[in-house]
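# Chain and residue survey
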Amino acid sequence: MREILSPVNEAETAEMIREARAARRPIMIEGGDTRSGLGRPIAADRILSTRKLTGITLYEPAELVISARAGTPLAEIENTLRAKNQRLAFEPMDHRALFGTDGMPTIGAVAACNISGPRRIQTGAARDHLIGIRMVNGFGEIVKSGGRVMKNVTGLDLVKLCCGAHGTLGVFTEVTFKVLPEPETTSTLALHGLDDSKAIAALSAGLTSPFQITGAAHLPAGLESPEAEALTLLRLEGAPSSVDYRASALAKLLEAFGTTAVLAPDRATKLWSAVRDAHPLAEPRDAAIWRLSVAPSRGPAIVATVKRKLAARAFYDWGGGLVWLAVAAEGDAGAAAVRDALAEAGGSESGHATLIRAAEEMRGRINVFQPLAAPLMQISQGIKASFDPDHILNPGRMYAGV
Amino acid sequence: MSGIVFPTPDETILARRADIIAGLAKLVPPECLVTSEDERRAFETDGLMSYRRLPLAVVLPRSTEEVAAVMRYLHQEGVKVVARGAGTSLAGGAIPLEDSVIIGVGKMRRILDVDYANRAIKVETGCTNLSITDMVAPDGFFYAPDPSSQLACTIAGNIGMNSGGAHCLKYGVTTNNVLGVKMVLVDGTIVDIGGAHLDAAGLDLLGLIVGSEGQLGIVTEATLRILRSAESARPVLFGFPTSEEAGACVAAIIGAGIVPVAIEFMDKPAIEICEAFAHAGYPLDAGALLIIEVEGSAAEIDAELVRIIEIAKSHGVTTVKESKSAMETAAIWKGRKSAFGATGRIADYICMDGVIPTGRLPYVLHRLQEIVTSYGLRVANVFHAGDGNLHPLILYNCNDPEEQKKAEAAGEDILKLCVEVGGCLTGEHGVGIEKRELMNVQFNAEDLAQQMRARAVFDEGWLLNRGKVFPLAAAEAA
Ligand SMILES: Cc1cc2nc3c(=O)[nH]c(=O)nc-3n(C[C@H](O)[C@H](O)[C@H](O)COP(=O)(O)OP(=O)(O)OC[C@H]3O[C@@H](n4cnc5c(N)ncnc54)[C@H](O)[C@@H]3O)c2cc1C
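Residues numbered from 1 in each chain as written. Chains lettered and ligands numbered in written order. Predicted model: local features only at pLDDT ≥ 70, side-chain atom pairs only at ≥ 80, totals over all residues. Heavy atoms only, no water.

### Topic: the pairing of strand β17 (residues 378–384) of chain B
Residue and element names in this part refer to chain B. Here β17 lies mainly inside the structure; six of its seven residues are buried. One ladder, built from three bridges, connects strand β13 (residues 262–267) with β17; its direction is antiparallel. Of the residues in β17, the one forming a bridge with F265 is F383. As judged from the four bridges shared by β17 and strand β18 (residues 392–396), these two strands associate in the antiparallel manner. Paired with V379 across the two strands is I394, which belongs to β18. (Buried < 20%, exposed > 50% of the residue type's maximum accessible area, 1.4 Å probe, protein only. Helix = DSSP H or I, 4+ residues; strand = E, 2+ residues; numbered from the N terminus. Pairing = 2+ DSSP bridges.)

### Here's the deal with the site of the ligand
Residue and element names in this part refer to chain B. Not every one of the 32 residues close to the ligand is listed here, only the nearest: A83, G85, T88, S149 and T154. A distance of 2.8 Å is found between an oxygen atom of the ligand and a backbone nitrogen or oxygen belonging to S89. One of the backbone N or O atoms of G164 is found 3.0 Å from an oxygen atom in the ligand. Calculation on the ligand without its partners gives an accessible area of 980 Å², and the protein chains cover 94% of this total. Where the shell around the ligand is concerned, the elements lending two or more residues are β3 (80–84), α6 (155–161) and β10 (218–225). A total of five residues in the shell around the ligand trace back to one element, the largest contributor, which is α6. (Near = heavy atom within 4 Å. Polar contact = N/O pair within 3.5 Å; in protein donor to acceptor, adjacent residues only side chain to side chain. Areas by Shrake-Rupley, 256 points an atom, 1.4 Å probe, with all protein chains shown as cover.)

### Regarding the pattern of salt bridges
Counted under the stated rule, the structure contains 46 salt bridges over all chains. The shortest N-O distance in the salt bridge between E141 of chain A and R453 of chain B comes to 3.6 Å. On the criterion of chain membership, the pair formed by E141 of chain A in the loop between β7 (130–136) and β8 (142–146) and R453 of chain B in helix α17 (residues 445–458) is interchain, its members lying in two chains. Given a relative accessible area of 22%, E141 of chain A falls into the partly exposed group. Among the ionic pairs, D302 of chain B bridges to R234 of chain B, the shortest N-O distance being 3.0 Å. Of this pair, D302 of chain B sits in helix α11 (residues 298–313) while R234 of chain B sits in strand β12 (residues 232–240), placing them 68 residues apart in sequence. Take R234 of chain B: its relative accessible area is 15%, and that puts it in the buried class. Through salt bridges that share partners, R87, E91, R119, R235 and E237 of chain A make up one connected network. (Salt bridge = Lys/Arg side-chain N within 4 Å of Asp/Glu carboxyl O.)

### Remarks on the confidence of the model for chain B
In the predicted model, chain B carries a mean pLDDT of 95, and the fraction of residues at 70 or more is 100%. For this predicted complex, the interface score ipTM comes out at 0.97, while the overall pTM is 0.97. (pLDDT = per-residue confidence, 0-100.)

### Section: the domain arrangement of chain B
All names here are of chain B. Parsing chain B into structural domains produces domain 1 (1–229 + 447–478), domain 2 (233–340) and domain 3 (347–420). Look at where the C-alpha atoms of domain 1 and domain 2 centre, and you get two points 34 Å apart. Facing the nine residues of domain 1 at the interface are twelve residues of domain 2. Taken together, the two surfaces of domain 1 and domain 2 that pack against each other cover about 920 Å², and 58% of this comes from carbon and sulfur. Of all residues in domain 1, S148, H167 and L169 bury the most surface against domain 2, accounting for 52% of the area lost on that side. Here domain 1 is connected to domain 2 by two salt bridges. Linking domain 1 with domain 2 are five residue pairs in polar contact (both at pLDDT 80 or more), by the criterion used here. (Domains from an automatic or database assignment. Contact = heavy atoms within 4.5 Å. Buried area = accessible area lost by both parts, 1.4 Å probe.)

So this is what it looks like as C-alpha cells:
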C-alpha cells in the first residue's frame, strides 16, 4: 500500500510538493481513484489525494460559470447544475464501468484527463469548456491561468496545455468550467441494420446537415449481444417544437439509409450513457481496450484493417471519429496492428490511438499514448521540465520523461 | 508619442544588415524579399498605428520549406524574427523591432483540401479569414470565428491572437475551431500537430500554440473545423433608453438559458457613428442598442425571439426591429463590423479589449464612462456583450501628445477595472506590446515565470517576437 497525503488546502498542497521535491520523492496524484488505470504506471511510493480539496467555490448560473476545488465529486457538480437546469455540455465519460472501479469521479480529474463524451462533436471537449485553473506545479508553486470569463487570451493558454496532461504538469487545486443550459427535450433517431461504412455515411449526412446533431454513434451488429442488430444513433436537443421539426427533417434526409425510428426516451438515455462510457466493451474484463481519434470517414477502413490482423470488437462515436476497440490482451495488445492501420490511413494526420485499459505490466511496456515525432517528443519533455524539473508529479504517466 | 518602450536594438545585428540580407537572398527569390526603405514602410506598424519601427528586412516565403530555410538561417545568425499575417493586430503584436526580420505568410494562400465529410478544411495560413467561409459557403458551410477585420486578417494572425468575433458566443473562438497546424520551429524544424481528427495526440500543444502571438514558431498551414450553416439566421435590433438597461438585459437573456448566436452591444455614440456610415436602420433615439442574432428554421427563430422579446420588454426596451430581408441583415452586420473603421472617420481612437463577467455589465459600463470623462475624453462602446468582451473605443486626437497620453491612461484604468471585477485584460486582441506591462496586474511573478518557462522550451534564445506579451523587465531577466 502506498502512503496517502491528503492536503486540506492549496497552501498545504504546495508545501507537500515542495517537501517531495526536496526529498526527490515522486508522487502519484489521485482524485476519486476511478481512473488510476489510465496511462503508464507511475513509479512512486506515495499518493497525493485531492479528496480533501472539495467544495464549489463559485456558481453564477446567469454567467454560465462554475468553479470548484479539484477534489469535488463530479456528481456534486452535476447535481448543483441540474438544480438550475444547466450542465457540463461536454458530457464527461465515466470510466467506472470500463475499469471496474467504484470510487467517486472528481471534477479535477475530468480536467486533468480532458474527459469528454458524445457531445464533443458539437459543443467541444472538456478542454473547450475549462476556462480557468489554479494548480501547484512541480516546484511547489501555486500557478493560475485563465479565469472565470468566457473569452481570455491574456498570455499563453496554460489552461489548455494542462487540460489533458494527466497530472504531469501540476496538481489542479481549483478548476473553472463554462456551463450551458439543459435543453428542454432530447430525441434520438435510430437506423437499423447498417454496415459500418453505410452507418458512418449516414452519420456524416446528419452532421453535415443544418440540424445540429449533438450525438452521432454506431453500434455494429452483434456488439451488445450476439444477436443484436446494428444500431446507428443521431441525437437532437432543444426546444420541443424545434426538436420535432428537426427530427422529421432529418428522417427525410436519411431516407436513403433506411427508415428511422425515434427511440423511447429511457432507452435512448441508456444507450447514450453506454456509448459515453464504452459500456458495450466493458466485458470481457480481460480484453485490452483502445480509443482511437480519427478523421470520421476513415473510421470504418481503419477498423477493417485492424480486423484483418486480429480479432477485434469495435464501435463508433463522434460520427465515426472516435473508435472504441477491444482486442485480446496478448503480446503487444494489438498496438502494432492498431497503429499500423492508422499510419496506412494517412500517417500522423489521420489520428491517434490510446491504450485505455490493460494490465499494469502491459501499460509499462507498450506505448499507451500515441508515440510522437521526435521534435514534438522533445518539446513535450521540455514542457514537463519547465513545470516539474525533478519529475515529482505523475512522472512518466504519458511518455517516458513526461 | 512613445508611451510604450521597445527593447534596445542589438547594434551588432544592425551593423550586419547587409550580410543578413545577402544570406536571405540566397534562400528566396527577389520577389519574396523586401529590403528598400520605401517598401519596408508598409510593414513598420500594424493596427496599433501610433507605434512603428522599421525592420531589417521582410521575407515573404512561398512555402513551408522556404519558411524553414529562412528560420534556420536566422537562427544560426542569431537574428530576431517577427511573424506577420496581414498586420491588423490592434495590440501591436506584429510591429517589428529594428533588429528583426519579418517573416510574413502573405504569399501562402492556397486552400489545400476541403473535406465536407469530415467537416474540415486545410489551408495555408496566409489565406484571409473571410476566404475560408467564401470557399465553402456555396456548399452551405462556414468557418465560425468572424473577426470584424475578416476581409483582411489572415488565419495566421487569427491563430496568433486566438481571434474571436460576433458569432463566437455560440461557436467558440479560434482555439475551439483549429484541429491541426503545421509549424516551423525557431531552428527551422517543421512539425505537424493534429489533423482532421479531434483532440490531437499527447500534451495539448495546439492549445498552447493558438494565441501564442508568434512566440513559439511560424504557423504555415492549418486544419480548421467548418460547420454547416443554419437554415437561416435573423438579426434583431433592440433599442434601450440606457446602456445600463441594455447591459442588464444581456445578463438576463443568458441567465434565462438562452444562448443566441450573437449578442452585440452599441452605446449612443457608437450607434450614431455606425448609422451615419452604414444606414442600417439603427434607432438613433436609443441610448443603447443590442443586435441579437438567432438562427434555425423560420419557426424556430420565431419561437426563440418570443422569449427574448419578453425579457427585453421587462428591461425597458423601446425599439424592436427584426431584419426582414437578406439586404437588411447585411446592412445590420455591415454597420457593426465597420464600427472601428467608421469611428476612425470622425476621430482617432484606441480600441480596448477587456472581458468582464456579464453580471457586472451595468456597473462596468457606468464606471467606464466615469473613467473616460475624468480624463476629459469621450468613449464609444461596441462589443460582444454575450461573453462580456468589451471594446471601448477611446476617442482622442493623435496629433496631441498630451491627449494620447490621457487616452492610454484611461485605457489602462479600464483594463484594470476589468481585472478588478473578475475579468481579464484581453478577450481576443491579444497582449502584444500594448498590454505587456499590465500582465503584472492580472498575473503574479510565479504565473508569469511559468508561462515564460513554457515559452522558452520553443525558443531558448527569445528570438521570436521578442518584447511582446511579457513585461519587458521580466522577459529580459528570463
Ligand atoms: C478594424 C479592425 C477590426 C478588428 N476586429 C476584430 C474582431 O472582431 N475580433 C478579433 O479577434 N480581432 C479583431 N481585430 C484584430 C486583428 O484583426 C486580429 O488580431 C487578427 O487575427 C490579426 O490577423 P493578421 O493577419 O492581421 O495578423 P497580424 O496582425 O499580422 O499578426 C497578429 C499576431 O499573430 C502573429 N502571427 C502572424 N502570423 C503568424 C504565423 N504565421 N505564425 C505564428 N504567429 C503569427 C504575429 O506575430 C502577431 O503577434 C480587428 C482589427 C481591426 C484593424
